[in-house]
Amino acid sequence: MTYIEKCFKDKGIRITGQRRVLAETLKEAGRAVTARELFREAKAAWPDMNFSTVYRNIQILKDIGLACEIAGSDGNTLYAYRDDEEHHHHMICKGCGKTIPFEFCPIEELKGVFDDAGFVPTGHSFEVYGYCRECSKRRRK
Ligand SMILES: [Zn+2]
Ligand SMILES: [Zn+2]
Ligand SMILES: [Zn+2]
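**Student:** Can you help me understand a positive patch on the surface in this one?
**Tutor:** A surface patch of positive charge is lined by Arg-133, Lys-137, Arg-138, Arg-140 and Lys-141. Along the polypeptide, Lys-137 turns up in helix α6 (residues 133-140). Here Lys-137 falls in the partly exposed class, since its relative accessible area comes to 45%.

**Student:** Whenever I open this one, the coordination of the zinc ion (ligand 2) confuses me. Can you help?
**Tutor:** In an ideal octahedron of six donors the angles at the metal are 90 or 180 degrees, and in an ideal tetrahedron of four donors they are 109.5 degrees. Protein coordination at the zinc ion (ligand 2): the donors are Cys-93 (SG), Cys-96 (SG), Cys-132 (SG) and Cys-135 (SG), at 2.2 to 2.4 Å from the metal. In this structure, the zinc ion (ligand 2) is surrounded by four donor atoms whose angles at the metal cover 103 to 114°, and the resulting shape is tetrahedral. Coordination of the zinc ion (ligand 2) draws on donor residues from a single chain, spaced C-x2-C-x35-C-x2-C in sequence. Here Cys-93 is found in strand β3 (residues 89-93), whereas its partner Cys-135 is found in helix α6, with 42 residues between them in sequence. Exposure remark for Cys-135: the relative accessible area of 4% places this residue in the buried category.

**Student:** What exactly am I supposed to notice about the sheet that holds strand β4 (residues 99-102) here?
**Tutor:** Backbone-to-backbone hydrogen bonds pair the strands of a sheet. The strands run either parallel or antiparallel. Pairing in this open sheet of three strands is mixed, and the strands run β4-β3-β5 from one edge to the other. In this open sheet, the two strands that pair with only one neighbour each are β4 and β5 (127-130). Between one strand axis and the next, the sheet turns by 20° as a mean value, whatever way the strands run. As judged from the four bridges shared by β3 and β5, these two strands associate in the parallel manner. Each bridged residue has a counterpart across the sheet, and for Ile-92 the counterpart in β5 is Tyr-129.

**Student:** So what exactly am I meant to see when it comes to the side chain of His-88 here?
**Tutor:** Along the chain, His-88 turns up in the loop between β2 (77-81) and β3. Look at His-88 and you get buried, because its relative accessible area is 9%. Of note is the side chain of His-88, whose polar atom sits 2.8 Å from the backbone oxygen of Glu-86. Reaching out from His-88, the side chain makes a polar contact with the side chain of His-90 at a distance of 3.3 Å. Not counting the four nearest positions on each side in its chain, His-88 is found in contact with Cys-68, Arg-82, Pro-101, Phe-102 and Glu-103.

**Student:** Explain the pattern of salt bridges to me, please; I cannot follow it from the model alone.
**Tutor:** Between side chains of opposite charge, pairing is possible as soon as their charged atoms come close. Applying the stated criterion to the full structure yields six salt bridges. In this structure, Asp-10 engages Lys-6 in a salt bridge whose closest nitrogen and oxygen atoms are separated by 2.7 Å. With a gap of four residues between them, Asp-10 and Lys-6 both fall in helix α1 (residues 3-10), about one helical turn apart. For Arg-31, the salt bridge goes to Glu-41, with nearest N and O atoms at 3.1 Å. In this pair, Arg-31 is assigned in the loop between α2 (17-29) and α3 (35-45) and Glu-41 in helix α3, connecting sequence segments 10 residues apart.

**Student:** How should I be thinking about the nonpolar core in this particular structure?
**Tutor:** Proteins that are soluble and globular tend to have nonpolar side chains buried together. Counting residues in hydrophobic clusters, the biggest one holds 23 residues, and the most contacted among them are Phe-8, Leu-22, Leu-26, Met-49, Leu-61 and Leu-66. When near neighbours in sequence (up to four residues on either side) are disregarded, Phe-8 contacts Ile-13, Arg-14, Ile-15, Arg-19, Ile-60, Leu-61, Ile-64 and Leu-66.

Procedures and definitions
- Residues numbered from 1 in each chain as written.
- Chains lettered and ligands numbered in written order.
- Predicted model: local features only at pLDDT ≥ 70, side-chain atom pairs only at ≥ 80, totals over all residues.
- Heavy atoms only, no water.
- Patch = residues over 30% accessible without salt bridge, like charges linked within 9 Å, V, L, I, M, F, W, Y side chains within 5 Å.
- Areas by Shrake-Rupley, 256 points an atom, 1.4 Å probe, with all protein chains shown as cover.
- Salt bridge = Lys/Arg side-chain N within 4 Å of Asp/Glu carboxyl O.
- Lys, Arg positive; Asp, Glu negative; His and termini not counted.
- Charge placed at Lys NZ, Arg CZ, Asp CG, Glu CD.
- Helix = DSSP H or I, 4+ residues; strand = E, 2+ residues; numbered from the N terminus.
- Buried < 20%, exposed > 50% of the residue type's maximum accessible area, 1.4 Å probe, protein only.
- Donors = N, O, S within 2.8 Å, 3.2 Å for Na, K, Ca; no water.
- Tetrahedral: all angles 85-135°; square planar, octahedral: opposite > 155°, others 65-115°.
- Pairing = 2+ DSSP bridges.
- Axes fitted to C-alpha atoms, helices over the stretch in contact; angles between N-to-C directions.
- Polar contact = N/O pair within 3.5 Å; in protein donor to acceptor, adjacent residues only side chain to side chain.
- Contact = heavy atoms within 4.5 Å.
- Core = buried A, V, L, I, M, F, W, Y, C linked by side-chain atoms within 4.5 Å.

Functional significance is not addressed by these values, which are geometric in nature.
Pasting the structure below:
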């Protein structure tokens, strides 16, 4: 059983052909993509795919831990393949779209700030935009 199949099984979600293709396409992409881009790439392998089901199925991939939702630098929503269960954040390359996960979470450092404000956080997002090693090398040339 592949990791993708296992995630579906563990969460008791039926793995349909479309869902499998979406998860595999996201994995192969190796970068953060919009729902629209994922749709376009997945449609090559599954011509019957339509955009409304893609959107719903991406939410399912997110729920079972196979996809990360990432806020893109221009306010769009991106999705990246996820295969580690630890809470993490991402560096996102503005050149090639590659996402590099890291496990440091700034939220713990801010505990005092929330306590002082009497604020109870229920969720957060934290992404770092920039250029990956390859892209910064390319840009220096
Ligand atoms: Zn991630
Ligand atoms: Zn890059
Ligand atoms: Zn965090």
